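Results of the structural survey
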Amino acid sequence: MNSLFPYDVMVIGAGAAGLMCAALASGRGKRVVVLDHSDQPGRKILISGGGKCNFTNRTVTPAQYLSANPHYATSALKRYGPADFLDLMKRYRIAFHEREHGQLFCDNSAADIVSMLMSECGAGGVEMVLDAKIGAVTGDGPFRAATSRGTYEAAALVVATGGLSVPKIGATGFAHTLAGRYGLAVVAPRPGLVPLTFTGADLDLMRDLAGIAIPAEVTFGKTKFREAVLFTHRGLSGPAILQISSYWLTGQSITLNLLPDLDVQARLLERKAQRPNAQVETIVGELLPARLARALVERAGLLGRPIGQSTNAALAGLARLLSQWPLVPAGSEGYRTAEVTLGGVDTAGLSSKTMAAKSHPGLFFVGEAVDVAGWLGGYNFQWAWSSGWVAGMSV
Ligand code: FDA
């Protein structure tokens, strides 16, 4: 088959941003074709949020995004925000609920969101070409894409192929490579929202504690998150760790505060005066899960010691470990498990009003392909909806 058909808009990538863009553009009367190498649209939507898709957040501001240009996302988020997406959900009667930190999830299934976007695309007559291996992309308005299912041509090209996270379900660096071919800069991509890995004595300790989750505060530089931290067989995970991983830089340390609401040193000294015969691990075990308490007391060299026989200096050392535990991750679990890709097409070359390349007005980049990555909590889908919507309005 070798179909050459002139469309107004060719969207590459049938994910969150691409489907939103195609729905919008087709609703405006544009003839739209969507190409994807997967045989199923919206695969990441389907697996997100444990199958319930954390599709946005009650409060979305540019402060919840990382980008070389922190202002780039502002315009799109303002023009199409959480309330706009909720209006669309309500039109389709998709029930949702709010969890902690303003996170919004589907009541039923993430599949409801994919169906909704596909219905919107269907209503606009979007041609969906799935299972299409994309070859050379050439031209500059019109753009041409040679695929395993024919050659497609359109006046505008929207690149919505996402980032590198989770290659198992079809993530590729297609957008970054294509951007480079059109002379656009790419901010070096790296995994974000990803578990951190450790080696040596830290890993030995974490492995023994695998499965324990506690609320904690984790800090990198001036950035801190207070959420759950989970010990794993490879190191640390849980929402607080995923959040900080997007800020963490290789070779540097993060700091864990396991008891952020307590003056730990004062508490230990108080107990020393009140219950001198109690063992240190018993006292700490009243504050933390017993296994964790024991491991940290052992690391501080106070295991089996009555608190009354522990020096104040040793207790101060233990307090530091409990409230300012410095840890240097060896690395991260990488793109295999990362929820997002940091970096991507440099926003300096793009218009924040349209998502088009400044040097190629018919070429648009949306979603995770761009150097905009959100926190955990629905922010990445909101960026996909907002940037897809803006491009859909501009093509
Ligand atoms: P997306 O990845 O959705 O779509 C890209 C599309 O391009 C895919 O259909 C892919 O097949 C296609 N494609 C890629 N390369 C191609 C090529 N070479 N040729 C043709 N097609 C190609 N975010 C959030 O806000 N809330 C959440 O609950 C979650 N949960 C979550 C769980 C997991 C496990 C992951 C991995 C990620 C999340 N995320 C998330 C992040 C969120 O899924 C992500 O940011 C958005 O899906 C990005 O939308 P895009 O449309 O940009 O890319």
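Residues numbered from 1 in each chain as written. Predicted model: local features only at pLDDT ≥ 70, side-chain atom pairs only at ≥ 80, totals over all residues. Heavy atoms only, no water.

1. Section: the UniProt feature "domain: RsdA/BaiN/AoA(So)-like Rossmann fold-like" (unreviewed entry) in the chain
UniProt's feature table lists "domain: RsdA/BaiN/AoA(So)-like Rossmann fold-like" (unreviewed entry) at residues 8-393, given in the numbering used throughout. Between the end C-alpha atoms of residues 8-393 there is a gap of 13 Å, over a span that is 32% helix and 26% strand. (UniProt positions renumbered as here; feature names shortened; annotations may be inferred. Helix = DSSP H or I, 4+ residues; strand = E, 2+ residues; numbered from the N terminus.)

2. Remarks on the packing of helix 7 (residues 200-208) against helix 11 (residues 290-299)
For any two helices packed against each other, one specifies the crossing angle of their axes together with the interaxial distance. The contact between helix 7 and helix 11 brings their axes to 10 Å, and the two run at 155°. By the angle between their axes, helix 7 is roughly antiparallel relative to helix 11. Of the two elements, helix 7 crosses helix 11, and the hand of that crossing is right-handed. Taken together, the residues of helix 11 that come into contact with helix 7 (itself represented by Ala-201, Asp-202, Leu-205 and Asp-208) are Arg-291, Ala-295, Leu-296 and Arg-299. Residues belonging to the contact of helix 7 with helix 11 are distributed by class as follows: four nonpolar, no polar and four charged. (Axes fitted to C-alpha atoms, helices over the stretch in contact; angles between N-to-C directions. Parallel < 35°, antiparallel > 145°, perpendicular 65-115°, else oblique. Left-handed = near helix turned anticlockwise from the far one by under 90°. Contact = heavy atoms within 4.5 Å. Nonpolar A, V, L, I, M, F, W, Y, C, P; charged D, E, K, R; others polar.)

3. Things to note about the nonpolar core
Within the largest apolar cluster, 83 residues are counted, with the highest numbers of intra-cluster contacts made by Ile-113 and Trp-385. At nine residues, the largest contribution of residues to this core is made by helix 1 (residues 16-27). Every residue in contact with Trp-385, bar those within four places of it in the chain, is listed here: Ala-16, Met-20, Ile-45, Phe-55, Tyr-80, Phe-85, Ile-113 and Leu-117. Counting residues in hydrophobic clusters, the runner-up holds 52 residues, among them Phe-220, Ile-241, Leu-268 and Ala-373. (Core = buried A, V, L, I, M, F, W, Y, C linked by side-chain atoms within 4.5 Å. Buried < 20%, exposed > 50% of the residue type's maximum accessible area, 1.4 Å probe, protein only.)

4. Focus on the sheet that holds strand 14 (residues 223-231)
Across the sheet, seven strands lie side by side as 17-16-13-14-15-12-18; this open sheet has antiparallel pairing. Both edges of this open sheet fall to strand 17 (325-327) and strand 18 (331-332), since each of them pairs with a single strand only. (Pairing = 2+ DSSP bridges.)

5. Description of the packing of aromatic side chains
One pass over the full model with this rule turns up twelve aromatic pairs. Relative to Phe-96, the ring of Phe-55 lies with its centre 5.8 Å away and its plane at 85°, an arrangement referred to as edge-to-face. Here Phe-55 is found in strand 3 (residues 54-57), whereas its partner Phe-96 is found in strand 5 (residues 96-98), with 41 residues between them in sequence. Classification of Phe-96 as partly exposed rests on a relative accessible area of 23%. When the ring of Phe-143 is compared with that of Tyr-182, the centres are 6.0 Å apart and the planes differ by 50°; the resulting orientation is tilted. On the criterion of sequence distance, the pair formed by Phe-143 in strand 9 (residues 143-147) and Tyr-182 in the loop between helix 6 (174-181) and strand 11 (186-192) is long-range, its members being 39 residues apart. Assigned by exposure class, Phe-143 and Tyr-182 land together as buried. Taken together, the ring pairs in this structure connect Phe-55, Phe-85, Phe-96, Phe-381 and Trp-385 into an aromatic cluster. (Phe/Tyr/Trp six-rings, centres within 6.5 Å; stacked < 30°, edge-to-face > 60°.)

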